[in-house]
Amino acid sequence: MSIKVFAAKRRIRVAVVGPNLSGSIAEEMTMRSIMVHAGGDAAFESRLQAGLDLARRFKGHVTLILPRPTQDYVAFDMFGGAHFIAEAFEAAEQERGKLCESIDARLKAEDVPWDWQMFDGTTSDALINAARLADVLVMSLDQAGAAGPARAWVSDIVTASRTPVLAIPASSKRISFERAMIAYDGGFEAANAVRAALPMLQAAGHVRISEIEKVPDEFPVTDAATYLSRHGISAEIAVVARGDYSVEERLLAEADAWRPDFLVMGAYGHGRWRETLFGGVTRFMLGELGIPVLLAH
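All values reported here derive from a predicted model rather than from experimental measurement. (Residues numbered from 1 in each chain as written. Predicted model: local features only at pLDDT ≥ 70, side-chain atom pairs only at ≥ 80, totals over all residues. Heavy atoms only, no water.)

J.: In this structure, what is going on with the overall build of the protein? I would like to understand it.
T.: In terms of helices and strands, the protein carries ten helices and 14 strands. Considering the protein as a whole, with its 297 residues, one finds that 49% of them fall into the buried category. Considering only residue pairs separated by 6 or more positions, the protein has 76% of its internal contacts joining residues 24 or more positions apart. Carbon and sulfur atoms make up 53% of the accessible area of the protein, which totals about 14,800 Å². (Helix = DSSP H or I, 4+ residues; strand = E, 2+ residues; numbered from the N terminus. Buried < 20%, exposed > 50% of the residue type's maximum accessible area, 1.4 Å probe, protein only. Contact = heavy atoms within 4.5 Å. Areas by Shrake-Rupley, 256 points an atom, 1.4 Å probe, with all protein chains shown as cover.)

Pasting the structure below:
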């Protein structure tokens, strides 16, 4: 592996060029079990297209996860009693049946195998349970700058399930694997995200590992590049000065400037309590980035 270092004002860029390894040495990684959060919402189309793109690229199987939130059909009276609203549940079941039929009819024309799984309970519980043996779970992001349930679900599920989550903007039409950016900070979560994203990184034509300002003492960014090179991935390293900006603002600026097709990053590396109270890189990037994000915890 050869390393070339380029110095610039308040910035160092390191291009790491690894050997072009053969398939027998660096086996191509894959994503075969692809879970997609199904639903009748407007963002489902972008999730479905992402799942199909992954399945075609990695010869995978799409499983559509349809939650059945039975708690939505329970009414409480002023005396503390609870009543199940059977009529509302049956009407919702009919709508779910129509949704499944329409999607089945569409997917018959696709060249991707698929099946359905339905889980009773909240959306978060359904997706966490379904994702136990998944290679990746495809979910939605909200529109840039908006806070809402989809972003909250991503936050909850990526930490609770330990399954990588590919969060897709509602406006996304397809996934391109050409340009991949990794947000690296030397932590366990970032390392887990790099490992989880190996199939997508091997498919990428250009990979950049971006680190904001401080190089970790024990697990520097060059370790990540060395690890990727052993899987046949040549990566460019960019160590960027933070300046007067927050880490998340500088990372967003890097993404805006380099324009990756997707971002790979660890989720909640400083603890959910701290990030919930004070904000944090994960929550900021989920709300502002506007491109697919592969998250792992």
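Structure's up, so let's keep going.
J.: In this structure, what is going on with the packing of helix α1 (residues 44-58) against helix α2 (residues 86-107)? I would like to understand it.
T.: Relative orientation and spacing of two packed helices are given, respectively, by the angle between their axes and the distance between those axes. At a closest axis distance of 14 Å, the pairing of α1 and α2 adopts a crossing angle of 40°. By the angle between their axes, α1 is oblique relative to α2. As α1 runs across α2, the sense of the crossing is right-handed. Counting all contacts with α1, which are made through F44, E45, L48, Q49 and L52, the residues of α2 involved are I103, R106 and L107. (Axes fitted to C-alpha atoms, helices over the stretch in contact; angles between N-to-C directions. Parallel < 35°, antiparallel > 145°, perpendicular 65-115°, else oblique. Left-handed = near helix turned anticlockwise from the far one by under 90°.)

J.: Sorry if this is basic, but what is going on with the packing of aromatic side chains here?
T.: Aromatic rings in a pair are described by how distant their centres are and how their planes are angled relative to each other. Scanning all chains against the criterion turns up two aromatic pairs. Considering the side-chain rings of F58 and F177, the 5.8 Å spacing of their centres and the 80° angle between planes classify their relative orientation as edge-to-face. Here the residue F58 occupies a position in helix α1, and F177 occupies one in the loop between β9 (165-168) and β10 (179-183), the gap between them amounting to 119 residues. The exposure class assigned to F58 is buried, which follows from its relative accessible area of 3%. (Phe/Tyr/Trp six-rings, centres within 6.5 Å; stacked < 30°, edge-to-face > 60°.)

J.: How do you make sense of the layout of surface pockets when you look at a structure like this?
T.: Gaps left between atoms show up when a probe the size of a water molecule is rolled over them. Size it by volume and the second largest pocket reaches roughly 260 Å³. Residue lining of the second largest pocket: twelve residues in total, with Y184, G186, G187, A191 and F219 positioned closest to the centre. Those elements that place two or more of their residues in the lining of the second largest pocket are α5 (188-196) and α7 (221-229). The leading source of residues in the lining of the second largest pocket is α5, at four residues. (1 Å grid on protein atoms, 1.4 Å probe; cavity = no way out; pocket = protein on both sides within 12 Å on 5 of 7 lines; lining within 4 Å. Points joined across faces, edges and corners; volume = space filled by probe spheres on them.)

J.: Please clarify how α2 should be interpreted in this entry.
T.: Each full turn of the α-helix corresponds to 3.6 residues, which orients residues three or four apart in the same direction. Given a rise of 1.5 Å per residue, 22 residues ought to cover 32 Å, and the 31 Å separating the end C-alpha atoms of α2 matches this to within 8%. When we look at burial in α2, the residues that qualify are F89, A92, R96, L99, C100, I103 and L107. Looking straight down α2, one finds that the buried residues subtend no more than 100° of arc, so they occupy a single side. In α2, those exposed residues whose orientation departs by more than 90 degrees from the buried face are E87, Q94, K98, E101 and A105. Tucked into the core, α2 has its buried residues touching α1, β4 (61-68), β6 (82-84) and β7 (114-120). (Expected span 1.5 Å × (residues − 1). Arc of directions from axis to C-beta.)

J.: Whenever I open this one, the nonpolar core confuses me. Can you help?
T.: A general trend in soluble globular proteins is that nonpolar side chains are found buried together. Within the largest apolar cluster, 52 residues are counted, with the highest numbers of intra-cluster contacts made by L54, L64, M200, L201, V207, I209 and L228. Examining the composition of this core, we find that seven residues originate from one element, α1, more than from any other. Setting aside chain neighbours within four positions, we find L201 in contact with A180, I182, V194, V207, L228, I233, F262 and V264. The next biggest cluster of nonpolar side chains, apart from the first, holds 34 residues, and it includes I157, I212, L251 and A255. (Core = buried A, V, L, I, M, F, W, Y, C linked by side-chain atoms within 4.5 Å.)

J.: Would you explain the side chain of S46 in this entry?
T.: Mapped onto the elements of the fold, S46 is located in helix α1. A distance of 2.7 Å separates a polar side-chain atom of S46 from the backbone oxygen of A43. Not counting chain neighbours up to four residues away, the residues in contact with S46 comprise S140, I168, P169, A170 and S172. (Polar contact = N/O pair within 3.5 Å; in protein donor to acceptor, adjacent residues only side chain to side chain.)

J.: How should I be thinking about the environment of F58 in this particular structure?
T.: For the pair F58 and I34, spaced 24 residues apart in sequence, the C-alpha separation works out to 9.9 Å. Residues within four places of F58 in sequence aside, it is in contact with M29, T30, M31, R32, F177, P199, M200 and A203.

J.: Quick question: what am I supposed to make of the environment of T70 here?
T.: Relative to the elements of secondary structure, T70 occurs in the loop between β4 and β5 (74-76). Note on T70: relative accessible area 27%, which makes it partly exposed. Along the primary structure T70 and F84 are separated by 14 residues, whereas in three dimensions their C-alpha atoms are 8.8 Å apart. Those residues in contact with T70, other than ones at most four positions away along the chain, are F84, F89, D120 and G121.

J.: It is not clear to me how α1 should be interpreted in this structure. Could you clarify?
T.: With 15 residues, α1 ought to run about 21 Å at 1.5 Å a step, and its terminal C-alpha atoms sit 21 Å apart, in line with that. Of all 15 residues that make up α1, twelve are buried, and the element is covered over most of its length. Regarding α1, the residues found buried are F44, S46, R47, L48, Q49, A50, G51, L52, D53, L54, A55 and F58. Close packing links the buried residues of α1 with β3 (33-37), β4, α2, β8 (136-140), β9 and α6 (198-203). With its phi angle positive at about 55°, K59 sits one or two positions after the end of α1.

J.: Explain unusual backbone geometry to me, please; I cannot follow it from the model alone.
T.: Only a minority of non-glycine residues have a phi that is not negative, and only a minority of peptide bonds are not trans. Positioned with a positive phi, K59 is a non-glycine residue whose angle comes to about 55°. Looking at the secondary structure, you find K59 in the loop between α1 and β4. Phi angles above zero are rare outside glycine, and R162 is one such case at about 65°. Counting through the fold element by element, R162 comes out in the loop between α4 (149-161) and β9.

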